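# Observations on the model geometry
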Amino acid sequence: MNPITKGKITLDVWRAKWATRLEIETRQRRRLADMLSFVRQQSRFYKQHYADVPEGSTNLKAFPPVTKSMLMESFDDVVTDTAITKAETDAFVADESKIGQRFLDRYPIWTTSGTTGEPGTFVQDDMALTLLNVLPDRWMLDVFFGIDPLRRLVEHNLRQAEIAVTGGHFAGASGIALLQRESTFLENRVQIFSPTQPLTDLVAELNRYQPALLVGYATVLRELARTQRDGRLDINPAIVCPTAEPISEAEKRDLERAFDCAVREMYGATEFFPIAVECSHGNLHINTDWVVIEPVDEDYQPVEPGVPSETVLITNLANRVQPLVRHDLGDSVTMYDERCSCGSAFPIIEVEGRQGDVLHFETADGRELPVFPLALSSVVEEVPGVRRTQLVRTAPSVICVRLEVTSNRDEVDVWGQVSADLKAFLEDQGITGITLERATESPQRDPRSGKFRHVWSEQI
């Protein structure tokens, strides 16, 4: 994308911040009409999927939803660039040496794990990348309108620390690697830190790096706040941004006290990263000028404002190389009609998101070590053949693993690799004597809440 086009998009993003609700909805309707027309012409999958929808219709509810499994099964027909094939993208993401590179020297490709039932491969185009960088700034730039935040930015040379799972083409790891490759300014100002390493090592690395911006999984940030309070961690970022996992208002206030700085939550997905960003008044605003959010029940019927959804459908109004229209994201969200006291007309959302507990284990020398849910489940999900997993701590030294294995892999071989990798991971943390059990049941939703949790403890 040329600089003039990027500049126009950036200007429009900022103009929309204080637009009226009608002006925001007008932007959304125009982009939605363009996207629906585009996908029906350029995507073989959507052309067939929408065959019964009248031509020219912009009533989104008339268009059948799609799931991740549907998109992956029809990958070659979904994408609008015929040079892209599932076979070649699979080969690309299987090669870790290509993390941070562009597929066909043009498209970043990011993968998701199988935590919602199906692993995903998502191709990004330049419009999607531009919005990924611009939309969060719309809500966060005001944080730095003060002497102390500016001092911290300058003192730490605008360095950003991103805590995200490494070792794959995930949005965090691959996105950071792409920035490092393509931006001379950011090459040495952004660094990724893995939550799978022992907490003591993570703390030591952050103490050496001294970030001005700290972004990462909410569960990891909460543990880092604890080490900051007890003096093991000693950093003073200008802003902390929890992502990827649910976080309560009380937990955000705890982060503010621990790091003595602003805390702004971000809600996003590989399918559309900057879905919603927290404003100065503590509310998550949906970027509805570039994404359509539909909270729905189990039958894909809309739920009322203020009612938690069973899942949420998103329509990405930016990415045209792999279009997503009414895509079932799997998260439970609650949307509100009330206008935020910050003055913005962008709607407010609350997110349940990915569910998991931090598990605490005692080491041989009596220390208590936390193990983060995303780190633990990622060890299992990265084993070839694992479609979905749940890990349940059933006793102080017992973890029960529920597995769903793809049909083309031997379950015994997959379980052998899972147990070996989990044991090695825990031993690297200094945790020994843990018994790993293969559950007889497959991963399942909670029968009362209907939610899909990934890691939790049954120990009181």
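Let me sum up the structure you'll find in this document. (Residues numbered from 1 in each chain as written. Predicted model: local features only at pLDDT ≥ 70, side-chain atom pairs only at ≥ 80, totals over all residues. Heavy atoms only, no water.)

Time to look at the pairing of strand β2 (residues 120–123). Taking every second residue as pointing to the same face, both faces of β2 are buried, with Gly120 and Phe122 on one and Thr121 and Val123 on the other. In this sheet, β2 lies alongside strand β1 (residues 109–112) in antiparallel orientation, the contact comprising four bridges. Paired with Thr111 across the strands is Thr121, a residue of β2. (Buried < 20%, exposed > 50% of the residue type's maximum accessible area, 1.4 Å probe, protein only. Helix = DSSP H or I, 4+ residues; strand = E, 2+ residues; numbered from the N terminus. Pairing = 2+ DSSP bridges.)

Another aspect to go through is empty space enclosed by the protein. By the definition in use, this model includes two cavities of 30 Å³ or more. Estimated volume of the largest cavity: approximately 60 Å³. Lining the largest cavity we find Trp110, Gln124, Ala128, Leu132, Thr270, Glu271, Phe272, Phe273, Pro274 and Asn316. Mapped onto the lining of the largest cavity, the elements with two or more residues apiece are α7 (126–140) and β9 (272–278). With three residues, β9 is the single largest residue contributor to the lining of the largest cavity. What the second largest cavity holds in volume is close to 30 Å³. Lining the second largest cavity are Phe122, Val123, Gln124, Thr270, Glu271, Asn316, Asn319, Gln322 and Leu324. (1 Å grid on protein atoms, 1.4 Å probe; cavity = no way out; pocket = protein on both sides within 12 Å on 5 of 7 lines; lining within 4 Å. Points joined across faces, edges and corners; volume = space filled by probe spheres on them.)

Moving on, we come to the sheet that holds strand β5 (residues 213–217). The sheet built from five strands is open, its strands ordered β4-β3-β5-β6-β7 with parallel pairing. What marks the edges here is a single partner per strand, and that holds for β4 (190–193) and β7 (262–263). Bridging between strand β6 (residues 239–243) and β7 involves two bridges; their strand directions are parallel. For Ile239, the partnering residue across the bridge sits in β7 and is Ala262. Set on the sheet, helix α10 (residues 199–209) makes contact with β3 (160–163), β4 and β5; between it and β4 the angle comes to about 170°. (Contact = heavy atoms within 4.5 Å. Axes fitted to C-alpha atoms, helices over the stretch in contact; angles between N-to-C directions.)

Buried within α10 are the following residues: Leu199, Leu202, Val203, Leu206 and Tyr209. Summarising the axial view, the buried residues of α10 lie within an arc of 130°, below the 170-degree limit, and thus occupy one face. On its buried face, α10 is in contact with β3, β4, β5, α11 (218–229) and β18 (368–371). Count one or two residues on from α10 and you reach Gln210, which has phi positive near 50°. (Arc of directions from axis to C-beta.)

All right, on to the sheet that holds strand β12 (residues 311–316) then. Backbone hydrogen bonds hold the strands of a sheet together, and the pairing may be parallel or antiparallel. Within the open sheet, the three strands sit side by side as β11-β12-β13. Their pairing is antiparallel. The open sheet has two free edges, formed respectively by β11 (291–296) and β13 (327–328), since each of these has just one partner strand. Bridge analysis of β11 against β12 gives six bridges, and the strand direction is antiparallel. Across the sheet, Val292 pairs through a bridge with Thr315, a residue of β12.

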